[in-house]
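Notes for the structure review
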Amino acid sequence: MRSTLGQMFLYAKAIKHEALENFLTEALAGAIRHEPGPFLDLLAARVLIPQDVSAAPISVTTQLSVGGVGIFDLVLSCEDPRWSVWIEVKAEAGETGDQLKRYQEYLDGQPGYHLLLLGPKNLLLLGPESLRKKAKWLSWQEVWNAIAPKSTTSPYWRDLRTFLQERNMADDHNEPLRAREVATMEHARSLLLKVRRILKLVAEYANQQWPGSDWPESDDDLQKILSQQFWSHNQLSIYNRRHHHCGVKIGVGHHAEYDYEGVWIFANPSPR
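Residues numbered from 1 in each chain as written. Predicted model: local features only at pLDDT ≥ 70, side-chain atom pairs only at ≥ 80, totals over all residues. Heavy atoms only, no water.

Another point: unusual backbone geometry. Unusually for a residue other than glycine, N168 sits at a positive phi of about 60 degrees. When you line up the elements, N168 lands in the loop between α8 (155–166) and α9 (179–183). Accessibility expressed as a relative area gives 66% for N168, which makes it exposed. With a phi close to 60 degrees, N234 is a non-glycine residue in the positive phi region. One can find N234 in the loop between α11 (219–233) and β6 (235–240). A relative accessible area of 38% places N234 in the partly exposed class. (Helix = DSSP H or I, 4+ residues; strand = E, 2+ residues; numbered from the N terminus. Buried < 20%, exposed > 50% of the residue type's maximum accessible area, 1.4 Å probe, protein only.)

It is worth spelling out the nonpolar core at this point. Membership of the largest hydrophobic core comes to 37 residues, with the highest contact counts inside it found for L24, F39, L43 and L76. Looking at this core, the elements that each hand over two or more residues are α2 (16–34), α3 (37–45), β2 (70–79), β3 (82–89), α7 (140–146) and α8. In this view, L43 contacts L48, I49, L76, V85, L116 and L138; residues no more than four positions away in its chain are not counted. One finds W215, L222, I225 and I250 within the second-largest nonpolar core, a separate group that totals 13 residues. (Core = buried A, V, L, I, M, F, W, Y, C linked by side-chain atoms within 4.5 Å. Contact = heavy atoms within 4.5 Å.)

Okay, the layout of surface pockets next. Estimated volume of the largest pocket: approximately 1,900 Å³. For the lining of the largest pocket, the secondary-structure elements that each account for two or more residues are α8, α9, α10 (185–209), α11, β6, β7 (246–254) and β8 (259–267). Of all the elements, α11 adds the most residues to the lining of the largest pocket, at six residues. Looking at the lining of the largest pocket residue by residue, the classes come out as 15 nonpolar, twelve polar and nine charged. (1 Å grid on protein atoms, 1.4 Å probe; cavity = no way out; pocket = protein on both sides within 12 Å on 5 of 7 lines; lining within 4 Å. Points joined across faces, edges and corners; volume = space filled by probe spheres on them. Nonpolar A, V, L, I, M, F, W, Y, C, P; charged D, E, K, R; others polar.)

Once that is clear, we can look at the side chain of T25. With respect to the helices, strands and loops of the structure, T25 is situated in helix α2. Excluding residues within four positions of it along the chain, T25 makes contact with T62, Q63, D73, L74 and V89.

Turning our attention to the environment of K249. Relative to the assigned elements, K249 resides in strand β7. Engagement of the side chain of K249 in a polar contact is seen with the side chain of Q229, the distance being 2.6 Å. (Polar contact = N/O pair within 3.5 Å; in protein donor to acceptor, adjacent residues only side chain to side chain.)

This part is about the sheet that holds β8. Two orientations exist for strands paired in a sheet by backbone hydrogen bonds: parallel and antiparallel. One open sheet holds the three strands; their spatial order is β6-β7-β8, and the pairing between them is antiparallel. Since the sheet does not close on itself, it has two edges, and those belong to β6 and β8, each with one partner. The average angle at which neighbouring strand axes cross in this sheet is 15 degrees, direction not considered. Pairing between β6 and β7: six bridges, direction antiparallel. Among the inter-strand pairings, Y239 is bridged to a residue of β7, identified as K249. Of the strands in this sheet, β6 and β7 are in contact with α10, which crosses β6 at around 20 degrees. Its contacts with the sheet put α11 on β6 and β7, and the angle it makes with β6 is roughly 120 degrees. (Pairing = 2+ DSSP bridges. Axes fitted to C-alpha atoms, helices over the stretch in contact; angles between N-to-C directions.)

The values are spatial; any link to function lies outside them.
Dropping the structure here:
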């Protein structure tokens, strides 16, 4: 059997949505192989597999090709007690053709098999009407919740959890509001206005010293970019993009372990 990293490298050659779905499939499979408990507990809670099977040895197979049917992303199975769950992983795309219909028809002829749709909630809305009642759906948010630090210390699950959050596929924003969070609103607004005023001076000076650099100077432009950077990167920063793949940023930010402020260079990955 090829290694998890080997599988990731192989299927990374796909394009767009397929590449992300293949990556997630292999990352999820690797985490399950390392520590199956958290995911099996989640499946048991959804009554998709028998209860208390965390200790039973399971088989984890990815990219399983079935002639005339298609390729199943992930298959989990166990001999004692006997059960099997066939998982179609979705990330940013819906159904391809009559994919789910073919999968479901095949599994209908396999006693005890379940088709589980792992992906965004609207996936069922994109599938055939007949599948809405038959197919089970599990969200990435549920997976993210099930692999919280209190549930597992596995580095595989920890990295997958972080990746899902980085891709805006899951987060802690469904938790109840906390009083201390609401209390920070006044301080957050004050921080935004202070940073905007500081960066306005910096941008004006940078444009003088670096003709053609085109740093944002107006309050509206600064506000727009600061808001976008805060939403996307958890930082209040402005940037100058001289080229498509790289640029310079100035601002402040917060990481899980430290705060930072200053100037930094960013560059998007490029095959060249």
